[in-house]
Amino acid sequence: MTLITNHMPTAELQALDAAHHMHPFTHGNELGRKGARIITRARGVTLTDSEGNEILDAMAGLWCVNIGYGRDELAEAAARQMKELPYYNTFFQTTHVPAIALADKLAELAPHDLNHVFYAGSGSEANDTNIRMARTYWAQKGKPEKKVIISRKNAYHGSSVGSASLGGMSAMHAQGGLPIPDVHHINQPDWWSEGGAMTPEEFGLARARELEDAILELGQDRVAAFIGEPVQGAGGVIVPPETYWPEIQRICDKYGILLIADEVICGFGRTGQWFASESYGIRPHIMTIAKGLSSGYAPIGGSLVCDEVAEVMNDCDFAHGYTYSGHPVSCAVALENIRILQEEGIVDRAGSEIAPYLRRKWEALADHPLVGEAKIAGLMGSIALTPDKASRARFAADPGTAGLICREECFANNLVMRHVGDRMVISPPLVITKPEIDTLIDRATAALDAAQKRIEAEGLMVPAS
Ligand code: PXG
């Protein structure tokens with residue numbers, strides 16, 4: 001039996017990691033010099049590293065461990081399924097019970113008439129499915145020229161060539177010849193950074209109307225779909241003004257283009273309801289899901305598809321699919337995850353009790369001298385660091401300099417809080433308790449105090465001109 005043990009000293013494991021393991025979104029040599037932190041186990045909201053430190057994981061891994069760590073039931077569901085049927089595909093006129101049962105469950109849970117699922121192994125794969133599905137849908141309807149997908153700058157939709165093209169991260173587009181043709185990006189609804197003198201409500205409308213402008217400019221007969229995260233996650237937890245989504249919905253309806261809600265982060269309770277589309281009154285034709293679907297215990301993603309699109313797609317042979325589409329072990333784990341989220345009322349409690357408590361505490365961080373705004377939607381929150389609150393100024397230093405300092409101070413205080421540029425973000429497991437939220441806020445405050453001292457000492461408290 002292969003034993004994955006933790007018997008080696010940390011430095012030796014780090015050396016092996018540096019020698020053989022290439023990390024995502026990481027400068028390999030820089031990390032190699034420093035040594036990666038090695039996480040060895042986790043329970044609830046707490047990680048343990050190879051040195052025995054206990055760290056509060058305010059990111060739920062990568063926005064995914066909604067149910068919290070250490071739920072044996074999920075491990076047992078995986079083991080049971082592996083013994084019964086570890087793998088079979090769903091390509092050639094076959095299916096299996098876990099894929100059927102999960103599809104049925106998702107149809108029950110999903111809002112509106114999102115009654116169909118096309119499985120993928122991840123959010124990136126699911127968004128690649130969406131590109132091909134949206135274009136194929138229109139081709140099937142005799143409009144093959146409707147191919148353009150409109151997305152937003154600073155959106156994150158994944159790392160595959162297709163999904164990263166949908167994303168609006170310029171650093172990603174700069175590597176590997178992206179984006180693919182027929183993807184168009186409009187501006188994001190980030191009022192704090194880009195809203196200027198407008199009120200948030202005016203700004204939300206203005207940014208949504210960029211979609212209408214783009215449709216008119218590109219031609220209604222060329223646009224297939226609009227894709228957006230209800231609340232942008234990796235872009236820095238950008239909570240849109242209230243006017244934004246109703247206007248987007250109106251425009252999609254008016255011009256008859258498909259609306260794709262990417263709920264890879266927002267879904268499965270993150271915003272306090274099962275899906276953020278419910279929180280924001282969005283009626284998507286297609287919804288991307290992953291992460292919280294299995295709480296990260298097994299890789300799985302998918303596209304939830306509405307009746308009308310499914311009807312058109314089911315009338316053709318869609319030449320698309322992944323070896324692990326509907327993987328039985330992942331489906332079994334996802335089903336068990338959903339059962340527990342439902343039966344233990346985890347999503348309901350997250351929305352009704354935990355989110356309001358966290359909101360009060362989180363929004364109070366806006367009083368800290370280093371914090372410009374504190375935004376939160378359910379259990380995903382962000383704070384913007386600024387050298388000058390009054391003018392909503394950015395730092396003169398390179399974006400991310402202050403954020404990195406703050407993240408280092410979080411780590412020093414045994415708190416995982418990520419930085420996106422100069423925004424700090426959280427997305428804790430939904431099972432976080434009120435005392436754990438108090439600890440989170442205490443550690444975040446200590447980290448902000450320490451970060452402020454360092455930023456001042458290094459002469460960085462300077463607004464960009
Ligand atoms: N859509 C959204 C909205 C996401 O947040 C994906 C699609 C892609 O999913 P996969 O499963 O292919 O990774 C994501 C993923 C970060 C970070 O640092 C965020 C994600 C992934 C990795 C890192 O914030 N989101």
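Just above sits the structure.
Criteria and thresholds
Residues numbered from 1 in each chain as written. Predicted model: local features only at pLDDT ≥ 70, side-chain atom pairs only at ≥ 80, totals over all residues. Heavy atoms only, no water. Patch = residues over 30% accessible without salt bridge, like charges linked within 9 Å, V, L, I, M, F, W, Y side chains within 5 Å. Areas by Shrake-Rupley, 256 points an atom, 1.4 Å probe, with all protein chains shown as cover. Salt bridge = Lys/Arg side-chain N within 4 Å of Asp/Glu carboxyl O. Helix = DSSP H or I, 4+ residues; strand = E, 2+ residues; numbered from the N terminus. Near = heavy atom within 4 Å. Polar contact = N/O pair within 3.5 Å; in protein donor to acceptor, adjacent residues only side chain to side chain. Nonpolar A, V, L, I, M, F, W, Y, C, P; charged D, E, K, R; others polar. Pairing = 2+ DSSP bridges. Axes fitted to C-alpha atoms, helices over the stretch in contact; angles between N-to-C directions. Parallel < 35°, antiparallel > 145°, perpendicular 65-115°, else oblique. Left-handed = near helix turned anticlockwise from the far one by under 90°. Contact = heavy atoms within 4.5 Å. Phe/Tyr/Trp six-rings, centres within 6.5 Å; stacked < 30°, edge-to-face > 60°. Buried < 20%, exposed > 50% of the residue type's maximum accessible area, 1.4 Å probe, protein only.

Asker: How should I be thinking about a nonpolar patch on the surface in this particular structure?
Answerer: A cluster of nonpolar side chains, Y87, Y88 and Y324, forms an exposed patch at the surface whose accessible area comes to about 320 Å². If you trace the backbone, Y87 turns up in the loop between α4 (72-84) and α5 (97-109).

Asker: Explain the site of the ligand here, please?
Answerer: Neighbouring the ligand are 16 residues, the closest being W63, G123, S124, D262 and R418. Residue D262 places a side-chain N or O atom 2.7 Å away from a nitrogen atom belonging to the ligand. Between K291 and the ligand, the recorded distance is 3.2 Å, taken from a side-chain N or O atom to a nitrogen atom. Put simply, the parts of the chain that give the shell around the ligand at least two residues each are α3 (60-63) and α6 (123-140). With three residues, α6 is the single largest residue contributor to the shell around the ligand. Considered class by class, the residues forming the shell around the ligand number six nonpolar, six polar and four charged.

Asker: I'm lost on the sheet that holds strand β14 (residues 418-420) in this one. Help?
Answerer: Sheet strands pair via backbone hydrogen bonds, and the direction of the pair is either parallel or antiparallel. Judged by pairing direction, the sheet is antiparallel, and its four strands sit side by side in the order β11-β12-β15-β14 without closing on themselves. Two strands lie at the open edges of the sheet, namely β11 (371-377) and β14, each paired on one side alone. Here the strands of the sheet are splayed against their neighbours by 25° on average, with no regard to which way each runs. The pairing of β14 with strand β15 (residues 423-426) spans three bridges and is antiparallel. By the bridge assignment, R418 is partnered in β15 with V425.

Asker: When you look at the packing of helix α16 (residues 401-412) against helix α17 (residues 434-457) in this model, what are you seeing that I'm missing?
Answerer: How two helices sit against one another is set out by the angle between their axes and by the gap between those axes. Viewed as axis vectors pointing N to C, α16 and α17 meet at an angle of 135°, and their least axial separation amounts to 8 Å. Looking at the two axes, α16 sits oblique to α17. When you trace α16 past α17, the crossing you get is right-handed. The residues of α17 that touch α16, namely those facing A402, I405, C406, E408, E409 and C410, are A447, L448, A450, A451, R454 and I455. Broken down by class, the residue content of the contact of α16 with α17 amounts to nine nonpolar, no polar and three charged.

Asker: Teacher, can you tell me more about the packing of aromatic side chains here?
Answerer: Aromatic ring pairs are defined here through the distance separating the ring centres and the angle between the ring planes. According to the stated counting rule, one finds nine aromatic pairs in the structure shown. Relative to W245, the ring of Y244 has its centre 5.5 Å away and its plane inclined at 80°; by these criteria the two rings are edge-to-face. Each member of the pair, Y244 together with W245, is buried. Considering the side-chain rings of F268 and W274, the 6.3 Å spacing of their centres and the 80° angle between planes classify their relative orientation as edge-to-face. Judged by its relative accessible area of 0%, F268 falls in the buried class.

Asker: Honestly, the side chain of H173 in this entry has me stumped. Any pointers?
Answerer: Tracing the chain through its elements places H173 in helix α8 (residues 170-173). Taking relative accessible area as the criterion, H173 reaches 17% and is therefore assigned buried. From its side chain, H173 meets the backbone oxygen of A164 in a polar contact 3.0 Å long. Other than its neighbours up to four places away in sequence, H173 contacts A164, S165, G167, G168, L178, P179 and H185.

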